[in-house]
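What follows is the residue order along each chain.
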Amino acid sequence: VPDELLLGLKFIFGPCALPALDLVDQRSVTRVVSPSGRTAYQVLGSSGKLYTCYSSCHFCTCPAFDFTVLQKNESLLCKHILAVYLSQAMGACQEVTVSEEQLTNILLAEDEEEG
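How each quantity is defined
Residues numbered from 1 in each chain as written. Predicted model: local features only at pLDDT ≥ 70, side-chain atom pairs only at ≥ 80, totals over all residues. Heavy atoms only, no water. 1 Å grid on protein atoms, 1.4 Å probe; cavity = no way out; pocket = protein on both sides within 12 Å on 5 of 7 lines; lining within 4 Å. Points joined across faces, edges and corners; volume = space filled by probe spheres on them. Helix = DSSP H or I, 4+ residues; strand = E, 2+ residues; numbered from the N terminus. Disulfide = S-S within 2.5 Å. Buried < 20%, exposed > 50% of the residue type's maximum accessible area, 1.4 Å probe, protein only. Salt bridge = Lys/Arg side-chain N within 4 Å of Asp/Glu carboxyl O.

Per an unreviewed UniProt entry, the chain is named Zinc finger SWIM domain-containing protein 7, and its organism is Tinamus guttatus.

In structure tokens, the structure reads:
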């Protein structure tokens, strides 16, 4: 990635730009697809925890998204969502196909952890 692009990313997205690029470099973004075409993204965070991201509605299950984006309105996104967008643009997403039931379980597991 050219230096001027890195500077632009940092200017627009702030402190999450470089950590997001690190996640892309580590191939931490996986696109999860079901036979019906439903998709979600899972990002293995730097802490080792797996977060589910929805690029279609701009949402991540991580605590940083909840706090800095939803509660404080201090940022547009977290490093995990930015990593999803960057990996899509760079063609660096891993992809896995799962059954409808498996995707449902992935989505429900996130709800159970939050509740």
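After that view, the rundown keeps rolling.
Considered as a void within the structure, the largest pocket measures approximately 210 Å³ in volume. Mapped by element, the contributors of at least two residues to the lining of the largest pocket are helix H3 (63–71) and helix H4 (79–90).

Right, let's talk about the state of the cysteines for a bit. Here, the word disulfide means a covalent bond between the sulfur atoms of two cysteines. One pass over the full model with this rule turns up zero disulfides. Unpaired in terms of disulfides, Cys57 finds its nearest cysteine sulfur in Cys53, a separation of 9.9 Å. Not part of a disulfide, Cys93 finds its nearest cysteine sulfur in Cys53, a span of 10 Å. Take Cys93: its relative accessible area is 22%, and that puts it in the partly exposed class.

Counted by the stated rule, this structure contains two salt bridges. Taking the shortest distance from any N to any O, the salt bridge between Arg31 and Glu95 comes out at 3.1 Å. In this pair, Arg31 sits in strand E1 (residues 29–33) while Glu95 sits in strand E5 (residues 94–97), placing the two residues 64 residues apart along the sequence. Across the pair Glu100 and Arg38 runs a salt bridge whose closest N-O atoms are separated by 3.3 Å. You can see Glu100 sitting in helix H5 (residues 100–114) and its partner Arg38 sitting in the loop between E1 and strand E2 (39–44), a full 62 residues away along the chain. The exposure class of Glu100 is partly exposed, given its relative accessible area of 27%. For Arg38, a relative accessible area of 36% gives the class partly exposed.

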